[in-house]
Amino acid sequence: QVQLVESGGGLVQAGGSLRLSCAASGRTFSRYTMGWFRQAPGKEREFVGSISGSSGNTYYADSVKARFTISRDNAKNTVFLQMNSLKPEDTAVYYCAADRTTPQGMGVPRLIDYWGQGTQVTVSS
């Protein structure tokens with residue numbers, strides 16, 4: 001069992017930056033690919049990016065590529081989402097996820113093993 005707790009959300013102006021964190025419980029954190037998803041009001045949840053368990057390989061949605069960066073610290077059971085050059089359309093609830101798949105595999109519709117509770121990110125224009 002893995003429990004995920006996100007933090008770091010908030011209100012930021014367009015063009016600004018925000019860093020989300022996701023703390024995971026359990027002793028097998030490095031075995032999981034970790035991902036970030038987001039859901040805007042009235043829209044379906046969408047994939048943002050993912051990072052492999054040990055090699056650190058990353059995979060991003062086209063909409064955030066070159067603006068968002070995912071990293072992880074396996075010693076601290078934490079994954080991060082650094083968001084730069086934020087746009088109003090990035091406004092959403094951001095969710096952390098864990099799954100035993102590849103980073104690319106997390107980017108296609110599938111049943112994800114574990115989800116966090118989400119953290120709100122609001123980008124004002």
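Residues numbered from 1 in each chain as written. Predicted model: local features only at pLDDT ≥ 70, side-chain atom pairs only at ≥ 80, totals over all residues. Heavy atoms only, no water.

Novice: An account of the environment of Val12 is needed here, citing residue identities and associated values.
Specialist: Following the sequence through the fold, Val12 ends up in strand β2 (residues 10–13). With relative accessibility at 11%, the residue Val12 sits in the buried group. Not counting residues within four places of it along the chain, the set of residues in contact with Val12 comprises Ser17, Leu86, Thr122, Val123 and Ser124. (Helix = DSSP H or I, 4+ residues; strand = E, 2+ residues; numbered from the N terminus. Buried < 20%, exposed > 50% of the residue type's maximum accessible area, 1.4 Å probe, protein only. Contact = heavy atoms within 4.5 Å.)

Novice: Just give me the short version of the state of the cysteines, but keep the residues and values in it.
Specialist: Counted according to the given criterion, the structure contains one disulfide. The partner cysteine of Cys22 in its disulfide is Cys96, sulfur to sulfur 2.1 Å. Between Cys22 and Cys96, the disulfide has an S-S torsion of -80 degrees and is therefore left-handed. Separated by 74 residues along the polypeptide, Cys22 in strand β3 (residues 18–24) and Cys96 in strand β9 (residues 92–99) bring together distant segments of the chain. The residues Cys22 and Cys96 share a single accessibility class, namely buried. (Disulfide = S-S within 2.5 Å.)

Novice: Can you explain the pairing of strand β7 (residues 68–73)? Please cite residues and give values.
Specialist: Along any regular strand the residues' side chains alternate between the sheet's two faces. Only one face of β7 is covered, namely the face carrying Phe68, Ile70 and Arg72; the face carrying Thr69, Ser71 and Asp73 is uncovered. Relative to strand β8 (residues 78–83), β7 runs antiparallel, the two being bridged by six bridges. Residue pairing in the sheet places Ser71 in a bridge with Phe80 of β8. Hairpin connection of β7 to β8: four residues between the antiparallel strands, including Asn77 at a positive phi of 50 degrees. (Pairing = 2+ DSSP bridges.)

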